[in-house]
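Letter by letter, the chains look like this.
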Amino acid sequence: MNTIYEATVELSVLLGHELCDIRFDPQNMQQRFVMTLYASTLELGGDAIILAQRERYSGIPIITRSMLEACVQMRALIKDAKYYNRMIATLRAEEIQMAKNALELNKTLALDPAYRQELEKRQRDAEEELRRLGEQGFKRVRIKEAFALAGVAQWYSPIYSTLCSHSHNNLPVLAHRHFEQTEQGWVPVFEREWKPDEVALYMANVSMAMKAANDSIIAFFGLSASPRANELWAIIEAATTEKK
């Protein structure tokens, strides 16, 4: 576990420093959003590492899932310069549903009229933009489709699907985390102790997403690959293989 963790930490710091040196055109929507998603990928990876440092493991799968999503969307955008419009269409569709739900659930409540008007306007604006995007051929994208568009469909199962199992809706996973079976029966615990191999696996996922995102950035901007980044990834791969 220590080898994978230490190499992942160094990789995160290295790529974070290198990100600040990348030159791009912020007026170019594709370049700007690619860099945004790349920065988000590295940021979330760093957050997962911080949780591991503090031995607060339960949030790592959730953060890693979001990190993987950012990496996938970035890779899809690199392949299709207008893909960000599909991401916006997805966001608007979700905003419409949220506004509809909020208005429906608060029909019988004394909802502040100003807030109701704000929700109604938000819904109208989102519907208008979604209609405009649809007319231009940009439809919302499902996450499974995004993995395929990004060329990493193999990540969806088992990596992404496993990460998604760590949610508040998965009661068996939560029960496993917050209860342990003893001779006296089931005993509640604040958080169960995680095995080093479990943590190592999540750190390997974090480093994998960072490396994949970095490889895509290098190819997209025509940069030179960092020899040290490749060395660190080789160390992580070797250590991960040994644990299988």
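Residues numbered from 1 in each chain as written. Predicted model: local features only at pLDDT ≥ 70, side-chain atom pairs only at ≥ 80, totals over all residues. Heavy atoms only, no water.

**A word on the packing of aromatic side chains**
Each aromatic ring pair is summarised here by two numbers: the centre-to-centre distance and the angle between the ring planes. Under the counting rule described, the total for this entry stands at 7 aromatic pairs. Ring geometry for Phe147 against Tyr156: centres 5.3 Å apart, planes inclined by 90°, an arrangement best described as edge-to-face. Taking the relative accessible area as the measure of exposure, Tyr156 reaches 28% and is therefore partly exposed. Here the aromatic rings of Trp194 and Tyr202 are separated by 5.8 Å at their centres, their planes lie at 55°, and the arrangement is tilted. The exposure class assigned to Trp194 is buried, which follows from its relative accessible area of 6%. (Phe/Tyr/Trp six-rings, centres within 6.5 Å; stacked < 30°, edge-to-face > 60°. Buried < 20%, exposed > 50% of the residue type's maximum accessible area, 1.4 Å probe, protein only.)

**Structural notes on the pairing of strand S1 (residues 179-182)**
The pairing of S1 with strand S2 (residues 185-188) spans 4 bridges and is classified as antiparallel. In the sheet register, Gln181 faces S2, and the bridge partner there is Trp186. Adjacent in sequence and paired antiparallel, S1 and S2 are bridged by 2 residues. (Pairing = 2+ DSSP bridges. Helix = DSSP H or I, 4+ residues; strand = E, 2+ residues; numbered from the N terminus.)

**Points about the packing of helix H4 (residues 84-105) against helix H5 (residues 113-135)**
Packed helix pairs are characterised by how far apart their axes lie and by the angle those axes make with each other. The N-to-C vectors of H4 and H5 enclose an angle of 150°; their axes lie 9 Å apart at closest approach. Classified by the angle between their axes, H4 and H5 sit roughly antiparallel to one another. Considering how the two elements wind past one another, H4 and H5 form a crossing that is left-handed. Every residue of H5 that contacts H4 at Asn85, Ile88, Ala89, Arg92, Ala93, Glu95, Ile96, Met98, Ala99, Lys100, Ala102 and Leu103 is listed here: Arg116, Leu119, Glu120, Arg122, Gln123, Ala126, Glu127, Glu129, Leu130 and Leu133. (Axes fitted to C-alpha atoms, helices over the stretch in contact; angles between N-to-C directions. Parallel < 35°, antiparallel > 145°, perpendicular 65-115°, else oblique. Left-handed = near helix turned anticlockwise from the far one by under 90°. Contact = heavy atoms within 4.5 Å.)

**Some details on the environment of Glu120**
Residue position: Glu120 is located in helix H5. By relative accessible area, which is 31% here, Glu120 ends up partly exposed. Taking C-alpha positions, Glu120 is 8.3 Å from Lys100, a pair spaced 20 residues apart along the chain.

**Remarks on H5**
Compared with an ideal rise of 1.5 Å per residue, which puts 23 residues at 33 Å, H5 spans 33 Å between its outermost C-alpha atoms and is within 8% of the ideal. Residues Leu119, Gln123, Ala126, Glu129 and Leu133 constitute the buried set of H5. Packed against the buried residues of H5 are H4. Sitting at the head of H5, Asp112 places a side-chain oxygen 3.0 Å from the backbone nitrogen of Ala114. (Expected span 1.5 Å × (residues − 1). Polar contact = N/O pair within 3.5 Å; in protein donor to acceptor, adjacent residues only side chain to side chain.)

**Considerations on the packing of helix H3 (residues 60-79) against helix H7 (residues 156-164)**
Close contact between H3 and H7 brings their axes to 8 Å; oriented N to C, the two are set at 130°. Between H3 and H7, the crossing angle belongs to the class labelled oblique. In the packing of H3 onto H7, the handedness of the crossing is left-handed. Listed contacts from H7 to Pro61, Thr64, Arg65, Leu68 and Glu69 of H3 are Ile159, Tyr160, Leu163 and Cys164. For the contact of H3 with H7, the class distribution of residues is 6 nonpolar, 1 polar and 2 charged. (Nonpolar A, V, L, I, M, F, W, Y, C, P; charged D, E, K, R; others polar.)

**As for the nonpolar core**
If you look at the biggest cluster of nonpolar residues, it comprises 55 residues, and the most contacted ones within it are Tyr38, Leu68, Trp155, Met203 and Ile217. Mapped onto this core, the elements with two or more residues apiece are helix H1 (2-19), helix H2 (29-53), H3, helix H6 (143-149), H7, helix H9 (196-221) and helix H10 (227-243). At 13 residues, the largest contribution of residues to this core is made by H9. Ignoring anything within four residues of it in the chain, the contact list for Tyr38 reads Leu15, Leu19, Ile22, Met74, Ala213, Asn214 and Ile217. (Core = buried A, V, L, I, M, F, W, Y, C linked by side-chain atoms within 4.5 Å.)

**Things to note about the state of the cysteines**
The full count for this structure, using the stated rule, is 0 disulfides. Among the cysteines around Cys71, which has no disulfide bond, Cys164 carries the closest sulfur, lying 15 Å off. By relative accessible area, which is 0% here, Cys71 ends up buried. (Disulfide = S-S within 2.5 Å.)

**Topic: the side chain of Arg75**
For Arg75, the position within the fold is in helix H3. Salt bridges are absent for the buried Arg75, whose nearest opposite-charge side chain, Asp215, sits at 6.6 Å. A polar contact is formed between the side chain of Arg75 and the backbone oxygen of Ala150, at a distance of 3.2 Å. Among the polar contacts made by the side chain of Arg75, one reaches the side chain of Ser216 at a distance of 3.1 Å. Residues in contact with Arg75, not counting those within four places in the same chain, are Ala150, Gly151, Val152, Ala212 and Ser216. (Lys, Arg positive; Asp, Glu negative; His and termini not counted. Salt bridge = Lys/Arg side-chain N within 4 Å of Asp/Glu carboxyl O.)

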